[in-house]
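Tertiary structure, described
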Amino acid sequence: MKSQKGDTMDLSLLYLWVGFLLASYSVIANDSVQTLGTWIASNSERFRWYIMWGAASSVLLFTIWYGWSVNGGDISYGRLNKIPYQPIQWYHAVAPLILVLLTRFGIPVSTTFLVLSAFASTVVLEKVLLKSAMGYLVAASAAYVIWWAVAKYWENKDIPEDHKKWWRVGQWCTTGWLWFTWLSHDMANIAVFLPRQVPLDMMFLISIIFVGGLGYMFYEKGGRIQEIVLTKTNTKYVRSATLVDLIYSFILWYFKGYNDIPMSTTWVFVGLLAGRELAFATITGKYKFKTVFPLIGKDFFKMMIGLALSMVIVFLIHGFSFEGLAAK
């Protein structure tokens, strides 16, 4: 009897680390482009990848260790208050595995839906969906209004030579702030596999894994997911990249304090880019279904893929779990 219990605990620990490693890779490779993508695009020709890696790693380490110290060992910043810790089973690791596979095809699906759907009740998942949809609409609306004004009165004006360095400094500052606010949201997608109070020795190991994964992402210059940024208008320009980061960070900061329910930052990011593209199209006269809407619709369709897969995962887990997630 003891041997069977010990085997169960060993398997649970194995699934914990497998799920954690897969989730860490998928979040860094799939989602971090939302915050670092425009920064990488506008700086990759000016700075070595390892310099940017070092800067991003310093913010990452500050974020997780600060959260760990002020939240009693919880690195999720309270995003998992409605999702209690549970022993990790093999099907919990299926979600990040699917995400890793989709990442390799360059599909920007929502990590929040795919990963947290394996743990959250249907009630919590519904709240996550509603908050994420609200984030998409707010981001798209704000981006449209702001970039309509920017594109009409400012975008096409050249930056004076003596102003360029200050825009570069501003971009690095806004990217750092955005990186912090984004991690405060999406760290829940990784921490869901871990105890809610992470011990000190595990924190050191987690830090090494995160920094290593981030280094690989920078070495690949963002990977295939970076294409979602590079295909958008002027995202390589430091001024445009700075404005994207600034608006995105304010939206995430607002929703961070709205409540402790997790949300899909991918939906917010795609909404932001969609509103921005529509604004540019309106001003330049290219507001046509055959040009703008296929680009926006392609990204939205990819988001729906992630949502559909997360729903499938929920229903499958209802079949594997005798207690059922909806009863929690």
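Right, let's walk through the structure included here. Given the structure is predicted, the values throughout are model-derived calculations rather than measurements. (Residues numbered from 1 in each chain as written. Predicted model: local features only at pLDDT ≥ 70, side-chain atom pairs only at ≥ 80, totals over all residues. Heavy atoms only, no water.)

The first and last C-alpha atoms of helix α9 (residues 200-219) sit 29 Å apart over 20 residues, in line with the 28 Å expected at 1.5 Å per residue. Three or more residues of α9 are buried, namely Met 202, Met 203, Ile 206, Ser 207, Phe 210, Leu 214, Gly 215, Met 217 and Phe 218. (Helix = DSSP H or I, 4+ residues; strand = E, 2+ residues; numbered from the N terminus. Expected span 1.5 Å × (residues − 1). Buried < 20%, exposed > 50% of the residue type's maximum accessible area, 1.4 Å probe, protein only.)

Before going further, it helps to examine the packing of helix α3 (residues 49-70) against α9. At a minimum axis separation of 9 Å, α3 and α9 run at an interaxial angle of 150°. Relative to α9, α3 is oriented roughly antiparallel. The way α3 lies across α9 gives a crossing that is right-handed. Residues Trp 49, Met 52, Trp 53, Ala 56, Ser 57, Leu 60, Leu 61, Ile 64, Trp 65 and Trp 68 of α3 form the contact with α9, whose own contacting residues are Leu 200, Met 203, Phe 204, Ser 207, Phe 210, Val 211, Leu 214, Gly 215, Phe 218 and Tyr 219. A per-class count over the contact of α3 with α9 returns 17 nonpolar, 3 polar and no charged. (Axes fitted to C-alpha atoms, helices over the stretch in contact; angles between N-to-C directions. Parallel < 35°, antiparallel > 145°, perpendicular 65-115°, else oblique. Left-handed = near helix turned anticlockwise from the far one by under 90°. Contact = heavy atoms within 4.5 Å. Nonpolar A, V, L, I, M, F, W, Y, C, P; charged D, E, K, R; others polar.)

Next up on the list: the side chain of Lys 131. With respect to the helices and strands, Lys 131 occurs in helix α6 (residues 122-153). Although buried, Lys 131 forms no salt bridge, and the nearest oppositely charged side chain, Asp 260, lies 7.0 Å from it. The residues contacting Lys 131, other than those within four sequence positions of it, are Arg 79, Phe 255, Tyr 258, Asn 259, Ile 261, Pro 262 and Met 263. (Lys, Arg positive; Asp, Glu negative; His and termini not counted. Salt bridge = Lys/Arg side-chain N within 4 Å of Asp/Glu carboxyl O.)

Glancing now at a nonpolar patch on the surface. Together, Met 134, Val 138, Tyr 254 and Tyr 258 make up an exposed nonpolar region whose accessible area comes to about 370 Å². Those elements that place two or more of their residues in the nonpolar patch are α6 and α11 (238-258). Along the chain, Tyr 258 turns up in helix α11. (Patch = residues over 30% accessible without salt bridge, like charges linked within 9 Å, V, L, I, M, F, W, Y side chains within 5 Å. Areas by Shrake-Rupley, 256 points an atom, 1.4 Å probe, with all protein chains shown as cover.)

Per the stated rule, a full pass over the model turns up 17 aromatic pairs. Consider the rings of Tyr 77 and Phe 180, whose centres lie 6.2 Å apart with planes at 90°: the pair is edge-to-face. Remark: Phe 180 occurs in helix α7 (residues 161-186) and Tyr 77 occurs in the loop between α3 and α4 (94-104); sequence separation between them is 103 residues. Here the two residues Tyr 77 and Phe 180 agree in accessibility, since each one is buried. On the basis of an interplanar angle of 75° and a centroid distance of 5.1 Å, the ring pair of Tyr 254 and Phe 255 is categorised as edge-to-face. Residue class for Tyr 254 comes out partly exposed when judged on its relative accessible area of 48%. (Phe/Tyr/Trp six-rings, centres within 6.5 Å; stacked < 30°, edge-to-face > 60°.)

This paragraph deals with the pattern of salt bridges. If you walk through the whole model with that rule in mind, you get 1 salt bridge. Asp 260 is paired through a salt bridge with Lys 82; the nearest N and O atoms lie 3.0 Å apart. Placement of Asp 260 in the loop between α11 and α12 (265-284) and of Lys 82 in the loop between α3 and α4 is noted, with a sequence separation of 178 residues between them.

Moving on to empty space enclosed by the protein. For the coordinates displayed, the defined rule picks out 3 cavities of 30 Å³ or more. Here the second largest cavity defines a volume of roughly 60 Å³. Together, Val 27, Ile 28, Ser 32, Leu 60, Trp 179, Trp 182, Leu 183, Met 187, Ile 190 and Phe 210 line the second largest cavity. Going through the elements one at a time, α1 (2-31) and α7 are the ones with two or more residues in the lining of the second largest cavity. The element contributing the most residues to the lining of the second largest cavity is α7, with 3 residues. Split by residue class, the lining of the second largest cavity holds 9 nonpolar, 1 polar and no charged. (1 Å grid on protein atoms, 1.4 Å probe; cavity = no way out; pocket = protein on both sides within 12 Å on 5 of 7 lines; lining within 4 Å. Points joined across faces, edges and corners; volume = space filled by probe spheres on them.)

That is the geometry; function is a separate question.
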